[in-house]
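Structure assessment
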Amino acid sequence: MAACCAILEAAQAAITFNGASFPTCYGPEYISGKLLIWAEKRGITIQHIQPGQPQQNAYIERYNRTVRQEWLDQYIIETIEEAQDHATQWLWTYNNDRPNMGIGGITPAQKLKMAA
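The residue numbering used here restarts from 1 in each chain and proceeds along that chain's sequence as written. Note on the predicted model: pLDDT of at least 70 is required for a residue's local features to be given, and 80 or more for side-chain atom pairs to be given and counted; whole-chain, interface and lining totals, by contrast, use all residues. For the side-chain quantities, the full set of heavy atoms in the structure was used; hydrogens and water were omitted.

**Digging into the packing of aromatic side chains**
Side-chain rings of Phe, Tyr and Trp, where Trp is taken by its six-membered ring, are said to pair if the distance between their centres is within 6.5 Å; with planes under 30 degrees apart they count as stacked, over 60 as edge-to-face, and otherwise as tilted. Applying the stated criterion across every chain yields a total of 3 aromatic pairs. By way of ring pairs, the aromatic residues Tyr-63, Trp-90 and Tyr-94 are connected into one cluster.

This is the structure:
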C-alpha cells in the first residue's frame, strides 16, 4: 500500500508541472488499476511516451538518474524494508536539506513554503 501511495504522490507532483496529464514510460500492462481510477476521478489523462524517447519524460528521467547516483548505487540492499528505509531517508534529505539549483538554490520544502 505504501508504494501505491508514493506513486500517487509522484503523480500529483508531475501534474503540477504538466497540467491535467501524467506522462509515463510504462505501458498499460504496468499501470496500476488504482492509478487509473485515481486519474479518472480527477480528469487526468495518462500519456505514454514513445519507446526510446526518454526526453519526452525528462523530469522523471532526471529524478531516476539522481536516485540511482545518490543512493541506489551507494548501497548493497538485501531487503525491501532496507530499500524503503534508504529511500525514505534520501527523499527527506532531497526535499529538506539539499539545495536545488533548478529552483534558485533552495530546497523543495522552502519552495513549497514560499508558494503557500
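**Examining the pattern of salt bridges**
Every case where a carboxyl oxygen of Asp or Glu lies within 4 Å of a side-chain nitrogen of Lys or Arg is listed as a salt bridge. Within this structure, the stated rule accounts for 1 salt bridge. Between Glu-70 and Arg-98 there is a salt bridge, and its shortest N-O distance comes to 2.8 Å. Of the two residues, Glu-70 is situated in helix H3 (residues 58-70) and Arg-98 in the loop between helix H4 (80-96) and helix H5 (108-115); the sequence distance between them amounts to 28 residues. Overall, Glu-70 belongs to the partly exposed group, its relative accessible area being 35%. For the purposes of this entry, the term helix denotes a DSSP run of H or I that reaches at least four residues, the term strand denotes a run of E that reaches at least two, and both are numbered from the N terminus. Note on exposure labels: buried denotes an accessible area under 20% of the residue type's maximum, exposed denotes more than 50%, and partly exposed covers the range between, all computed with a 1.4 Å probe on protein chains only.

**Describing the side chain of Thr-66**
Within the secondary structure, Thr-66 sits in helix H3. The contact definition used throughout considers only heavy atoms, calling two residues in contact when any of these lie within 4.5 Å. Setting aside chain neighbours within four positions, we find Thr-66 in contact with Trp-71, Trp-90, Tyr-94 and Arg-98.

**Focus: the nonpolar core**
Residue types Ala, Val, Leu, Ile, Met, Phe, Trp, Tyr and Cys, when buried and joined through side-chain atoms within 4.5 Å, form a set referred to as a nonpolar core. In this structure, Leu-35, Trp-38, Ala-39, Ile-44 and Ile-46 together form the largest nonpolar core, which totals 5 residues. At 3 residues, helix H2 (residues 33-41) tops the list of elements feeding residues into this core.

**Some points on the packing of H3 against H4**
Packed helices, taken two at a time, are described by the angle their axes make and the gap between the axes. Axis lines are fitted through C-alpha atoms, for helices just across the contact stretch, and the angle between N-to-C directions can take any value from 0 to 180 degrees. Remark: H3 packs on H4, axes separated minimally by 11 Å, with the N-to-C direction vectors making an angle of 120 degrees. With respect to their mutual orientation, H3 and H4 come out oblique. For H3 against H4, the interelement crossing comes out right-handed. Contacts between H3 and H4 involve Tyr-63, Thr-66, Val-67 and Glu-70 on the former and, on the latter, Trp-90, Leu-91 and Tyr-94. When residues are grouped by polarity, Ala, Val, Leu, Ile, Met, Phe, Trp, Tyr, Cys and Pro land in nonpolar, Asp, Glu, Lys and Arg in charged, and all others, Gly among them, in polar. Here the contact of H3 with H4 is composed, by residue class, of 5 nonpolar, 1 polar and 1 charged. Roughly parallel means an angle under 35 degrees; roughly antiparallel, over 145; roughly perpendicular, 65 to 115; everything else is oblique. Handedness of a helix crossing follows the sense of rotation of the near helix relative to the far helix, less than a right angle counterclockwise being left-handed and clockwise being right-handed.

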